[in-house]
Amino acid sequence: ARVPGAYEVMSSEGRMNAGKPSDGPIRLPLGGKSVSRCYVDNALGLQFFEGQEPTTIRISCRFSLTRSNRETVIDPQNIGEVGQALILFREKVREAEALGDGTLLLAFESGVELRVPADPDYESWEVAGPKGFLVVSKPGGGLAVWSAKS
């Protein structure tokens with residue numbers, strides 16, 4: 001049965017799983033963790049390794065990095081721009097939050113800030129963590145959340 005207002009994604013086993021809508025804000029469990037890997041495919045990926053399962057942030061739409069009061073807007077699909085995001089490698093997160101409007105905010109101990117707004121047409125970002133934890137910025141704004149399994 002479909003859950004009204006639910007947002008669905010396909011599992012690796014081919015089943016549809018419903019996420020619960022959230023009004024946010026959601027504090028993401030990244031405080032004190034360092035970016036262990038940055039990668040680029042059709043999006044920018046940031047990975048945080050600890051224990052058996054990493055936490056991964058995938059950013060597929062424009063985002064901004066603010067450093068020394070200077071904001072730079074980056075398109076992760078533009079290879080000439082996305083390299084600027086490599087300054088995040090080894091940066092330690094001070095605070096990470098998903099806002100109810102679908103915006104992702106990461107503040108790093110060095111003072112660098114990452115902001116990913118919701119996109120009107122696409123999932124602009126997602127955070128996937130251990131045990132199936134997942135937060136997705138929905139097209140047009142808002143959040144869908146899948147809780148970690150015990």
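Since this is a predicted model, take the numbers as computed values, not measurements. (Residues numbered from 1 in each chain as written. Predicted model: local features only at pLDDT ≥ 70, side-chain atom pairs only at ≥ 80, totals over all residues. Heavy atoms only, no water.)

**What about the nonpolar core?**
Membership of the largest hydrophobic core comes to 31 residues, with the highest contact counts inside it found for Leu28, Leu46, Ile57, Phe63, Leu106, Leu114 and Trp125. Sequence-distant contacts of Ile57, that is, excluding residues within four places in its chain, are made with Leu30, Leu44, Gly45, Leu46, Phe48, Leu104, Leu106, Glu126 and Val127. (Core = buried A, V, L, I, M, F, W, Y, C linked by side-chain atoms within 4.5 Å. Buried < 20%, exposed > 50% of the residue type's maximum accessible area, 1.4 Å probe, protein only. Contact = heavy atoms within 4.5 Å.)

**Focus on the pattern of salt bridges**
Under the definition given, this model contains three salt bridges. In this structure, Asp41 and Arg58 form a salt bridge, with 3.2 Å as the shortest nitrogen-oxygen distance. Within this pair, whereas Asp41 is found in the loop between β4 (37–40) and β5 (44–48), its partner Arg58 is found in strand β6 (residues 55–59), the two being separated by 17 residues in sequence. In this structure, Arg94 and Glu95 form a salt bridge, with 4.0 Å as the shortest nitrogen-oxygen distance. Given the relative accessible area of 32%, Glu95 is considered partly exposed. Among the ionic contacts, a cluster of salt bridges with common partners joins Arg27, Arg94 and Glu95. (Salt bridge = Lys/Arg side-chain N within 4 Å of Asp/Glu carboxyl O. Helix = DSSP H or I, 4+ residues; strand = E, 2+ residues; numbered from the N terminus.)

**Some remarks on the confidence of the model for the protein chain**
Confidence in the prediction of the protein chain, expressed as mean pLDDT, is 87, and 84% of residues score 70 or more. Counting contacts from residues 9–16, a segment whose pLDDT is below 50, to residues more than four positions away or on other chains yields nine contacts. (pLDDT = per-residue confidence, 0-100.)

**Points about unusual backbone geometry**
Note: most peptide bonds trans; most residues except glycine with negative phi. Within the chain, Asn69 stands out as a residue other than glycine whose phi angle is a positive 60°. By the secondary structure assignment, Asn69 is in the loop between β7 (63–67) and β8 (70–74).

**Examining the side chain of Thr55**
Within the secondary structure, Thr55 is located in strand β6. Residues within four places of Thr55 in sequence aside, it is in contact with Leu30, Leu46, Gln47, Phe48, Val127, Ala128, Gly129 and Pro130.

**Things to note about the environment of Glu91**
With respect to the secondary-structure elements, Glu91 resides in the loop between α1 (79–82) and β9 (93–98). Take Glu91: its relative accessible area is 16%, and that puts it in the buried class. Put simply, Glu91 and Ser36 are 55 residues apart on the chain and 8.5 Å apart in space, counted from C-alpha to C-alpha. When sequence neighbours within four positions are dropped, the list of residues in contact with Glu91 reads Lys33, Ser34, Val35, Phe108 and Ser110. Side-chain polar atoms of Glu91 contact the side chain of Ser110, separated by 2.6 Å. (Polar contact = N/O pair within 3.5 Å; in protein donor to acceptor, adjacent residues only side chain to side chain.)

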